[in-house]
Number of protein chains: 2
Amino acid sequence: MDIRTRLISTAEQLFDRYGFTATGMDRLTQAAGISSRTLYKHVGSKNGLMAAVLNERDRRFHRLVGADNIDALFDALEIWFAREGARGCLFLRAWGETGGSVPEIAEAMARHKQRLRQRIDEIVVAEIGRRDDELAEAILLLFEGATHAATYRGGAAVDGARRAAHRLVETARAPRRR
Amino acid sequence: MDIRTRLISTAEQLFDRYGFTATGMDRLTQAAGISSRTLYKHVGSKNGLMAAVLNERDRRFHRLVGADNIDALFDALEIWFAREGARGCLFLRAWGETGGSVPEIAEAMARHKQRLRQRIDEIVVAEIGRRDDELAEAILLLFEGATHAATYRGGAAVDGARRAAHRLVETARAPRRR
DNA sequence: CCCAATGTAAAACGATCACTTTACCCATGC
DNA sequence: GCATGGGTAAAGTGATCGTTTTACATTGGG
């Protein structure tokens, strides 16, 4: 495996499991099986590594969440949690641990969340045949909620989010008479 | 002001703004205006301080979220964010930064989330006159989603969650004929 | 009146932090 | 046939980490 890929992948795992600040560079180089000199040649700094991890995760996330309907969206989330565990959104965690003051990290998070919202917009159009900002916002909130509630409620959180999303889609499809 | 109260209150602010691990004890003692010896007499350790901060926050949170209807619930969240800013759930952040391996912190988070779920159960009963686990779960997810989405979407996230919750309450009040 | 409690200031603890440097190894390619 | 690029190991950088210690001030109650 490519050395940079291995570095970023092991860093992602350690950051996710133990936190960013709490994970030292020694532990990181040892787990990745590379020297610290090589690490700094590749990513420049710890912040650079964090940003690289986030950008790689964003790519991987959107490769998985590629479908165009509600079920596929929450199925993807369920698969993700089954594979890697649920410890909250890594982008928000990185942003929080750095106090929002590291530009590369803040930007990575902003990009990720913006893309997520776009994907949900597309799903809404595929589901009800037109744009609906209120519905998209609600699904985003359910997705975000499931991401974080899954840390303490497990997979049931994803089920609940999927069901609620379906109900909201139904009311959006056939708006109540008044 | 009582010294312990001042300590925990300033610690809460610093932890929230800059992260737990990134906030050193020196910075903490200086901001609180106390010596490190006094700090350790009061809370024993940094983990002890973190747990104390979380437990105090839980008390404060439930004092604010004391109402028994949907609007009051999300109004409380909006007021909270206006007062203190939105940087994600501090309980989840503490749990994540410590890798979930500090018992006092994991327990503080578990208690907090359990109480939140109970409060929402009560709100559901007050709104529709009976228990409804699916509805309560959905509202919890919207609340959790708003808490985290507000970090990057601002107060609009709370509005969206409130509207979605109202729609779900409506469908639960008058279940669709089939 | 003084003892105990509670606070301060400041230094020291060893460990660990992110990061750099020094010195060396070993392929590949002109 | 040797320079060069990319890697290693390991020591060292000064700073900062959480925590403890030493020595001293203040104050309220028996």
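Our subject is the structure that appears above.
Cut-offs and rules
- Residues numbered from 1 in each chain as written.
- Chains lettered and ligands numbered in written order.
- Predicted model: local features only at pLDDT ≥ 70, side-chain atom pairs only at ≥ 80, totals over all residues.
- Heavy atoms only, no water.
- Helix = DSSP H or I, 4+ residues; strand = E, 2+ residues; numbered from the N terminus.
- Buried < 20%, exposed > 50% of the residue type's maximum accessible area, 1.4 Å probe, protein only.
- Contact = heavy atoms within 4.5 Å.
- Areas by Shrake-Rupley, 256 points an atom, 1.4 Å probe, with all protein chains shown as cover.
- Lys, Arg positive; Asp, Glu negative; His and termini not counted.
- Charge placed at Lys NZ, Arg CZ, Asp CG, Glu CD.
- Salt bridge = Lys/Arg side-chain N within 4 Å of Asp/Glu carboxyl O.
- Polar contact = N/O pair within 3.5 Å; in protein donor to acceptor, adjacent residues only side chain to side chain.
- Core = buried A, V, L, I, M, F, W, Y, C linked by side-chain atoms within 4.5 Å.
- Phe/Tyr/Trp six-rings, centres within 6.5 Å; stacked < 30°, edge-to-face > 60°.
- Near = heavy atom within 4 Å.
- Nonpolar A, V, L, I, M, F, W, Y, C, P; charged D, E, K, R; others polar.

Engineer: How would you sum up the overall build of chain A? Please name residues and give values.
Structural biologist: Of regular secondary structure, chain A possesses 9 helices and 0 strands. Starting at the N terminus, the α and β elements of chain A follow one another as α-α-α-α-α-α-α-α-α. Along the longest, intermediate and shortest principal axes, the C-alpha atoms of chain A span 65 × 30 × 30 Å. Within the span of chain A, comprising 178 residues, buried residues form 53% of the whole. Summarising the internal contacts of chain A: among those between residues at least 6 apart in sequence, 69% fall at separations of at least 24. Put simply, chain A shows about 7900 Å² of open surface, and 48% of that area lies on carbon and sulfur atoms. Distance between charge centres in chain A, computed from 29 positive and 24 negative side chains, equals 2 Å.

Engineer: Can you tell me about the pattern of salt bridges, naming the residues and giving the values?
Structural biologist: Applying the stated criterion to the full structure yields 44 salt bridges over all chains. Here Arg167(B) makes a salt bridge to Glu134(A), at a shortest N to O gap of 3.3 Å. With Arg167(B) in helix H9 (residues 156-173) and Glu134(A) in helix H8 (residues 133-153), this pair bridges two chains. For Glu134(A), a relative accessible area of 28% gives the class partly exposed. Overlapping salt bridges bring together Arg117(A), Asp121(A), Arg131(A), Asp133(A), Glu137(A) and Arg153(B) as one network.

Engineer: Requested: an account of the side chain of Arg93(B), with residues and values cited.
Structural biologist: With respect to the secondary-structure elements, Arg93(B) resides in helix H6 (residues 90-97). In this structure the side chain of Arg93(B) is engaged in a polar contact, spanning 3.5 Å, whose partner is the backbone oxygen of Gly96(A). In this structure the side chain of Arg93(B) is engaged in a polar contact, spanning 3.2 Å, whose partner is the backbone oxygen of Arg87(B). Beyond its immediate stretch of four places on either side in the chain, Arg93(B) contacts Gly96(A), Phe15(B), Asp16(B), Gly19(B), Phe20(B), Arg87(B) and Gly88(B).

Engineer: Describe the nonpolar core, and please don't skip the residues or the numbers.
Structural biologist: Among the nonpolar cores identified, the biggest contains 68 residues, and Phe74(A), Ile139(A), Leu142(A), Phe74(B), Ile139(B) and Leu142(B) are the most heavily contacted of them. When contributions to this core are tallied by element, the ones reaching two or more residues are helix H5 (70-84), helix H7 (103-128), H8 and helix H9 (156-173) of chain A together with helix H5 (70-84), helix H7 (103-128), helix H8 (133-153) and H9 of chain B. Residues in contact with Phe74(B), not counting those within four places in the same chain, are Leu142(B), Phe143(B), Val158(B), Ala161(B), Arg162(B) and Ala165(B).

Engineer: A description of the packing of aromatic side chains should follow, citing residues and the corresponding values.
Structural biologist: Residues and elements named next belong to chain A. With the rule as written, the count across this model stands at 8 aromatic pairs over all chains. Arranged with centres 5.7 Å apart and planes meeting at 75 degrees, the rings of Phe61 and Trp80 form a pair that is edge-to-face. Of this pair, Phe61 sits in helix H4 (residues 46-64) while Trp80 sits in helix H5, placing them 19 residues apart in sequence. As far as burial versus exposure is concerned, Phe61 and Trp80 are alike and both buried.

Engineer: For the protein's contact with DNA strand C, give the residues involved together with the corresponding values.
Structural biologist: In the neighbourhood of DNA strand C, 15 residues make up the surrounding shell, with Met25(A), Ser36(A), Arg37(A), Lys46(A) and Thr38(B) lying closest. Within 4 Å of the protein, atoms of DNA strand C come from sugar and phosphate in 54% of cases. Between DNA strand C and the protein, one listed contact pairs a phosphate oxygen with a backbone N or O atom of Met25(A) at 2.8 Å. In the model, a phosphate oxygen of DNA strand C is placed 3.1 Å from a nitrogen or oxygen of the Tyr40(A) side chain. Contributing elements (two or more residues each) for the surface near DNA strand C: helix H3 (36-43) of chain A together with helix H3 (36-43) of chain B. Per-class residue counts for the surface near DNA strand C are 4 nonpolar, 8 polar and 3 charged.

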